[in-house]
Amino acid sequence: MTEKDRRTGRDETEDERADRMWGELIQEVRVAQMGVQILFGFLLTVVFTPKYDTLDNTDQTIYIVTVVLGAAATGALIGPVSLHRLVSGRRIKPKAVEWASRLTFVGLILLLATTACSLLLILRVATHDGYVPFLVSGVVVWYLACWFVLPLWTRHRYTE
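Every chain is numbered independently, its residues counted from 1 as its sequence is written. With pLDDT at 70 or above as the cut-off, local features in this predicted model cover only qualifying residues; side-chain atom pairs require 80 or more to be listed or tallied, and sums for whole chains, interfaces and linings still use all residues. In computing side-chain values, all of the structure's heavy atoms are included and hydrogens and water are not.

(A) Quick look at the overall build of the protein chain. A helix here means a DSSP run of H or I that spans at least four residues, while a strand means a run of E at least two residues long, and both kinds are numbered starting from the N terminus. A count of helical and extended segments in the protein chain gives 5 helices and 0 strands. Listing the helices and strands of the protein chain from first to last along the sequence gives α-α-α-α-α. C-alpha atoms define the radius of gyration, and 2.2 Å times the number of residues to the power 0.38 defines the globule rule. The C-alpha atoms of the protein chain give a radius of gyration of 20 Å, which is well past the 15 Å a tight globule of 160 residues would have. For the protein chain, the spread of C-alpha atoms along the three principal axes comes to 65 × 35 × 15 Å. Across the protein chain, every contact between residues at least 6 apart in sequence was considered, and the portion connecting residues at least 24 apart equals 72%. Within the structure as shown, the protein chain displays about 10,700 Å² of accessible surface, and the carbon and sulfur contribution to it stands at 64%. On the protein chain, the mean spot of the 17 positive side-chain charges and the mean spot of the 16 negative ones are 4 Å from each other. Between two residues, a contact is recorded if the distance between any of their heavy atoms is within 4.5 Å. Every accessible area reported is derived by Shrake-Rupley at a probe size of 1.4 Å, with residue values counting cover from the shown protein chains alone. When charges are counted, Lys and Arg contribute as positive and Asp and Glu as negative, whereas His and the chain ends are disregarded. The location of each charge is read from NZ of Lys, CZ of Arg, CG of Asp or CD of Glu.

Below you can see the structure in the form of structure tokens.
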């Protein structure tokens, strides 16, 4: 077994590895894209409801920030598809996988921010209670644990 085989855990060429990693990345992006597109679509409709006009300035600002974050998350999570399409056939798939992975990570951060802001707005409008920021903070901590802490712990714990 060569040093390369020990590092990757597989007997594959750089191109085969890039193909495999691309397929895995696109499957991950599909899940995140679905969530962000549904959330963003919902957010786009809120401004056209009668309730929007009754929101105070703070809530309208939270809404605007949330929509912008949702648009940015959508762009980042659709970015890998465009990247692949524009560089396909150029024999740079390993670099494309690297950049698509970065876009996906940024998209997840933006999705987290969009979801947190959406939750903040909804709970502020629904309850008008002072505990809302604490509840939203708890959900954000939960997302951070599920999306980043556990994967990073697993990576550290089980990678030699």
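(B) Main features of the layout of surface pockets. Buriedness for pockets is judged along seven lines, at least five of which must meet protein on both sides within 12 Å for an open set on the 1 Å grid over protein atoms alone, while cavities are sets there where a 1.4 Å probe fits but cannot get out, and lining residues have an atom within 4 Å of a point. Grid points are joined across faces, edges and corners, and a volume is the space filled by probe spheres set on the points. The volume enclosed by the largest pocket comes to roughly 590 Å³. Looking at the lining of the largest pocket, the elements that each hand over two or more residues are α2 (14-46), α4 (93-127) and α5 (132-158). Residue classes in the lining of the largest pocket are distributed as 9 nonpolar, 2 polar and 3 charged. Amino acids outside the nonpolar list (Ala, Val, Leu, Ile, Met, Phe, Trp, Tyr, Cys, Pro) and the charged list (Asp, Glu, Lys, Arg) are all regarded as polar, and Gly is one of them.

(C) Quick peek at the environment of Ala 32. Secondary-structure assignment places Ala 32 in helix α2. Only protein chains enter the accessibility calculation, which uses a 1.4 Å probe; a residue is then buried when its area is under 20% of its type maximum, exposed when over 50%, and partly exposed in between. You can call Ala 32 buried: its relative accessible area is 10%. Each C-alpha atom of the pair Ala 32 and Thr 74 lies 9.2 Å from the other, and the pair is 42 residues apart in sequence. Residues within four places of Ala 32 in sequence aside, it is in contact with Leu 77, Leu 108 and Leu 111.

(D) Looking closely at the confidence of the model for the protein chain. Confidence of the predictor in every single residue is expressed as pLDDT, which spans 0 to 100. Summing up the model confidence of the protein chain, the mean pLDDT is 91 and the portion of residues at 70 or higher is 94%. Of all secondary-structure elements in the protein chain, the lowest mean pLDDT belongs to helix α1 (residues 3-8), at 53, while α5 reaches the highest, 96.

(E) Local environment of the state of the cysteines. By convention in this document, the label disulfide applies to cysteine sulfur atom pairs within 2.5 Å. Applying the stated criterion across every chain, the model contains 0 disulfides. Considering cysteine sulfurs only, Cys 117 is the nearest to Cys 146, which forms no disulfide, with 19 Å between them. In this structure Cys 146 comes out as partly exposed when scored by relative accessible area, which is 31%.

(F) Up close: the packing of helix α3 (residues 57-87) against α4. Geometry is summarised by axes, namely lines fitted to C-alpha atoms with helices restricted to the contacting stretch, and by angles between N-to-C directions that run from 0 to 180 degrees. Running from N to C, α3 and α4 cross one another at 160°; their axes reach a closest spacing of 8 Å. Judged on the interaxial angle alone, α4 and α3 are roughly antiparallel. For the pair α3 and α4, the sense of crossing is left-handed. Its residues placed into classes, the contact of α3 with α4 shows 24 nonpolar, 9 polar and 3 charged. Throughout, the term roughly parallel applies to angles under 35 degrees, roughly antiparallel to angles over 145, roughly perpendicular to angles from 65 to 115, and oblique to all others. Should the near helix be turned counterclockwise from the far one by less than a right angle, the crossing is left-handed, whereas a clockwise turn marks it as right-handed.

(G) Region of the structure containing the nonpolar core. In terms of nonpolar packing, the biggest core is built from 19 residues, with Val 36, Leu 43, Tyr 52, Tyr 63, Val 67 and Leu 110 touching the most fellow members. Breaking this core down by element, the ones donating at least two residues are α2, α3 and α4. Per element, the largest residue contribution to this core is 7 residues, and it comes from α3. Within this scheme, the nonpolar core is defined by two criteria: the residues are buried Ala, Val, Leu, Ile, Met, Phe, Trp, Tyr or Cys, and they are joined through side-chain atoms within 4.5 Å. Trp 22, Leu 25, Val 29 and Ala 100 belong to the second largest nonpolar core, which has 7 residues in total.

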